[in-house]
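If you want the building blocks of each chain, they are given just below.
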Amino acid sequence: METSAAALSQPIADPGDPLLPVLEVVRRTFGFESLRPLQDRAIRATLEGRDALLVMPTGGGKSLCYQAPALVRAGLTVVVSPLISLMQDQVDALRADGVPAGMLASGQEGSDRREVERDLESRRMRLLYLSPERLMSPGFLERLVGLDLCAIAIDEAHCISHWGHDFRPEYRQMGELRRRLPTTPIQAYTATATPRVRADIAAQLRLREPEILVGRFDRPNLTYRVQARRDLVLDVEAVIARHPREAGIVYCLRRTDVEELCAALQARGVRCEPYHAGLDPGARRRTQRAFQSEELDVVVATVAFGMGIDRPDVRFVVHASLPKGVEQYSQETGRAGRDGLPAECVLFYGGADYHGWKSLIEHSAREARENGVENAGADLDDALERLAHMWSLATGAACRHKSLCRYFGETDDAAAAVPKGCRACDVCLGEIARVADGQVVAQKILSCIVKTGQRFGATHVTDVLRGARTEKVRQTGHDALSTYGLLAQHAAREIRAWIDQLVGQGHVRVADGEYPTLFLSKSGVEVLRDEQQATLLAPVLPQAKRAAKPSAADEGADEALFERLRGLRRQLARERGVPPYVIFNDRTLLSMAARLPASPEELRAIKGVGDKKAADLGPAFLAEVASFVRARESGIAPAAPPVD
Ligand code: ADP
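Small disclaimer: the values here were computed from a predicted structure and weren't measured.

## As for the overall build of the protein chain
Scanning the protein chain for helices and strands turns up 29 helices and 18 strands. The C-alpha atoms of the protein chain give 27 Å as radius of gyration, which agrees with the globular expectation for 644 residues (26 Å, within 12%). Taken along its principal axes, the extent of the C-alpha atoms in the protein chain is 85 × 70 × 50 Å. Evaluated residue by residue, the protein chain yields a buried proportion of 55% over its 644 residues. Entry remark: accessible area of the protein chain is about 27,600 Å², with carbon and sulfur atoms responsible for 51%. Side chains of the protein chain give 85 positive and 86 negative charges; the mean places of these two sets differ by 1 Å.

Listed below in structure tokens is the structure:
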């Protein structure tokens with residue numbers, strides 16, 4: 001059975017409801033007063049010992065779905081995760097909440113491993129994190145069964161699917177789990193899954209009548225913006241400037257792009273560091289650690305920077321070029337605003353990105369075919385289709401939230417639930433507008449493509465339309481055409497962006513082969529004959545005033561106190577060798593800065609403060625709040641946050 005997020009959690013009236021002890025644990029251990037609707041459903045399925053597949057966007061709260069039941073049931077819950085750093089973060093966070101959790105991973109120190117082994121043998125351990133290889137290693141499963149294994153949770157389960165964007169061969173081995181553990185329930189969790197990937201996960205893991213729960217993909221706290229690239233350095237700098245002292249990631253396609261952009265931003269005074277797989281491991285680790293510990297806010301990176309990054313207060317994600325599919329885009333932008341507070345995602349694209357990806361995809365398909373890889377043809381079609389979806393998302397004029405919902409196969413109802421005028425994307429915010437005479441401009445462009453013989457690329461067509469005097473224009477005699485200079489009042493980049501939009505809308509096609517020459521599709525011919533309408537877009541407003549920025553004031557919190565609490569969090573995190581969010585997340589700090597708790601009880605009433613943290617961290621945070629309040633009442637300006 002598939003259930004959408006629309007099926008809300010039921011109020012608990014029955015005192016025998018098995019969810020009651022879970023709610024108690026969630027309150028005491030994690031400091032949350034209630035479960036989110038899908039968490040409720042997923043946890044019930046787990047308690048009933050059923051197989052389940054939970055699809056929930058990043059930040060939706062998947063981890064609680066396997067962590068909370070693990071604490072109320074007898075036995076051990078195993079969590080499989082693809083990355084050691086992710087596991088380590090979760091284990092650190094659980095331990096900070098007082099939960100007996102551990103991990104077994106390669107490269108672990110002997111003493112850590114022995115401690116985990118001891119906790120396993122003594123049956124103290126409730127949650128054990130493992131890599132798939134470790135879980136499937138000879139004899140290991142049998143040993144776990146002997147230790148009273150009660151459930152297996154598979155995180156990032158899309159990695160098992162060949163159709164997913166992040167396929168990992170080592171995940172495939174887990175197809176064997178069901179045969180070897182016929183009675184242990186398996187629950188799979190993923191953030192990105194189209195219906196095909198979803199079905200594939202269930203099939204590969206041989207899930208038995210799984211409860212399939214699909215959350216809302218929409219992330220209302222993210223504001224999406226898409227713009228044709230102009231001056232990349234200035235474009236990106238403007239985004240960063242909207243987020244002073246806030247965390248952000250700037251994604252580039254290639255390592256050289258990372259280095260160039262990062263150096264250019266640094267030269268303009270932006271504090272940022274590069275990250276890509278070609279840098280030496282020490283530098284990479286330092287950057288990752290500095291980002292996690294809030295000592296560094298902006299990282300310019302390839303997508304190598306991502307999976308292990310769990311910082312919940314990332315306030316902006318920039319794409320300096322087009323990702324190759326909507327799955328990637330959604331996963332990368334998903335790293336923004338995991339704490340549920342507003343964050344901004346800006347994508348800068350150009351036609352060259354699209355063609356770059358296309359030739360890369362075609363090139364690797366050719367190689368695959370030559371190497372006799374099965375399904376190379378189908379993979380090629382699939383990859384091109386994904387790219388086309390991404391391209392039309394970027395160049396389209398529909399609400400970005402709705403477009404993403406539709407792509408992920410949510411029902412039309414779900415897309416319809418995104419409010420009209422969502423106020424969280426450039427289209428709905430009115431930051432881009434339809435060009436008033438878009439049809440006429442489109443016809444001028446199409447006509448120029450026809451008049452130049454459908455044998456030239458976008459650069460030359462643009463030059464002809466803007467009346468440029470290039471060598472090529474002179475040689476071809478295109479300065480004598482009636483379309484020469486027809487759009488002379490527009491900038492080259494504007495014309496270029498419109499050509500990209502016409503390609504995105506399918507009116508213009510780009511030839512395969514060595515030269516990306518433009519030609520008209522059937523619908524392009526129809527637009528030219530006025531039998532169909534084309535829509536062109538142009539940015540209308542500079543973006544500076546339009547930041548989606550959570551401010552302390554929005555939450556009714558005192559900004560200066562919030563900064564002080566962040567400083568204290570950094571200091572405690574450093575002392576304890578854990579990432580700052582393991583201490584408390586921004587939401588919790590904002591609540592403290594708004595509610596000014598004066599007693600342990602008042603602190604305990606704040607979301608995110610469980611018993612263990614109230615006892616362990618409470619005194620330090622209460623003292624900070626008290627000192628702030630005292631200083632304010634005595635009229636002394638509170639001291640600046642500690643400098644790191
Ligand atoms: P995911 O794994 O789906 O990306 P996480 O499990 O990391 O998401 O949770 C995202 C955020 O939501 C975390 O900051 C977590 O503390 C918070 N959270 C999860 N469940 C709840 C809940 N029931 N009430 C309040 N906050 C929650």
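What follows continues from the structure just given.
## Here's the deal with the site of the ligand
Residues in close proximity to the ligand total 16 residues, the closest being Ser34, Gln39, Gly59, Lys62 and Ser63. Within the contact set of the ligand, a nitrogen atom lies 2.8 Å away from a backbone nitrogen or oxygen of Ser34. In the model, an oxygen atom of the ligand is placed 3.4 Å from a nitrogen or oxygen of the Gly60 main chain. Burial of the ligand by the protein amounts to 82% of the accessible area it has alone, namely 570 Å². Top element by residues in the shell around the ligand is helix H3 (residues 62-72). It accounts for three residues.

## As for the state of the cysteines
Considering all chains together, one arrives at zero disulfides under this definition. Lacking any disulfide linkage, Cys272 is separated from the closest cysteine sulfur, that of Cys262, by 3.7 Å. Given the relative accessible area of 3%, Cys272 is considered buried. No disulfide involves Cys422; its nearest neighbouring cysteine sulfur is the one of Cys428, lying 3.8 Å away.

## Description of the side chain of Arg566
With respect to the element layout, Arg566 can be found in helix H24 (residues 559-576). Residues in contact with Arg566, not counting those within four places in the same chain, are Arg245, Glu294, Arg311, Asp313, Asp586 and Leu589.

## Digging into the pairing of strand S2 (residues 52-55)
For a regular strand, the rule is simple: side chains alternate between the two faces of the sheet. Residue alternation in S2 divides its side chains into two sets, Ala52 and Leu54 and Leu53 and Val55, and both sets are buried. As defined by bridge partners, S2 adjoins strand S7 (residues 186-190) across four bridges and the pair is classed as parallel. By the bridge assignment, Leu54 is partnered in S7 with Tyr189. By the bridge criterion, four bridges tie S2 to strand S8 (residues 211-214) in an arrangement that is parallel. Its bridge partner being in S8, Leu54 is matched across the sheet by Leu213.

## Considerations on the environment of Ala93
By the element assignment, Ala93 lies in helix H4 (residues 84-96). With a relative accessible area of 23%, Ala93 lands in the partly exposed category. Between the C-alpha atom of Ala93 and that of Phe628, which follows or precedes it by 535 residues, the distance is 28 Å.

## Observations concerning the pattern of salt bridges
Under the definition given, this model contains 46 salt bridges. Residue Asp17 pairs with Arg44 through a salt bridge whose shortest N-O separation is 3.0 Å. Pair noted here: Asp17 is in the loop between strand S1 (2-4) and helix H1 (19-30) and Arg44 is in helix H2 (residues 37-47), with a separation of 27 residues, a long-range link. The shortest N-O distance in the salt bridge between Arg143 and Glu121 comes to 3.2 Å. Separated by 22 residues along the polypeptide, Arg143 in helix H7 (residues 140-146) and Glu121 in helix H5 (residues 110-121) bring together distant segments of the chain. According to the relative accessible area criterion, Glu121 is partly exposed, its value standing at 48%. Bridged by salt links that share partners, the residues Arg245, Glu294, Asp297, Arg311, Asp313, Glu563, Arg566, Arg569, Arg570 and Asp586 form one connected network.

## A few points about the sheet that holds strand S13 (residues 314-319)
Overall, parallel pairing links the six strands, which are arranged S9-S14-S13-S10-S12-S11 in an open sheet. The open sheet terminates on both sides in strands that have one partner only, identified here as strand S9 (222-228) and strand S11 (272-275). Averaged over neighbouring strand pairs, the angle between their axes works out to 15° when direction is ignored. One ladder, built from four bridges, connects S13 with strand S14 (residues 343-349); its direction is parallel. The residue bridging Phe316 from the neighbouring strand is Glu344, located in S14. In this fold helix H14 (residues 326-333) packs onto S9, strand S10 (247-251), S13 and S14, with an angle of close to 150° to the strand it touches most, S13.

What counts as what
- Residues numbered from 1 in each chain as written.
- Predicted model: local features only at pLDDT ≥ 70, side-chain atom pairs only at ≥ 80, totals over all residues.
- Heavy atoms only, no water.
- Helix = DSSP H or I, 4+ residues; strand = E, 2+ residues; numbered from the N terminus.
- Rg over C-alpha atoms; globule rule 2.2 N^0.38 Å.
- Buried < 20%, exposed > 50% of the residue type's maximum accessible area, 1.4 Å probe, protein only.
- Areas by Shrake-Rupley, 256 points an atom, 1.4 Å probe, with all protein chains shown as cover.
- Lys, Arg positive; Asp, Glu negative; His and termini not counted.
- Charge placed at Lys NZ, Arg CZ, Asp CG, Glu CD.
- Near = heavy atom within 4 Å.
- Polar contact = N/O pair within 3.5 Å; in protein donor to acceptor, adjacent residues only side chain to side chain.
- Disulfide = S-S within 2.5 Å.
- Contact = heavy atoms within 4.5 Å.
- Pairing = 2+ DSSP bridges.
- Salt bridge = Lys/Arg side-chain N within 4 Å of Asp/Glu carboxyl O.
- Axes fitted to C-alpha atoms, helices over the stretch in contact; angles between N-to-C directions.

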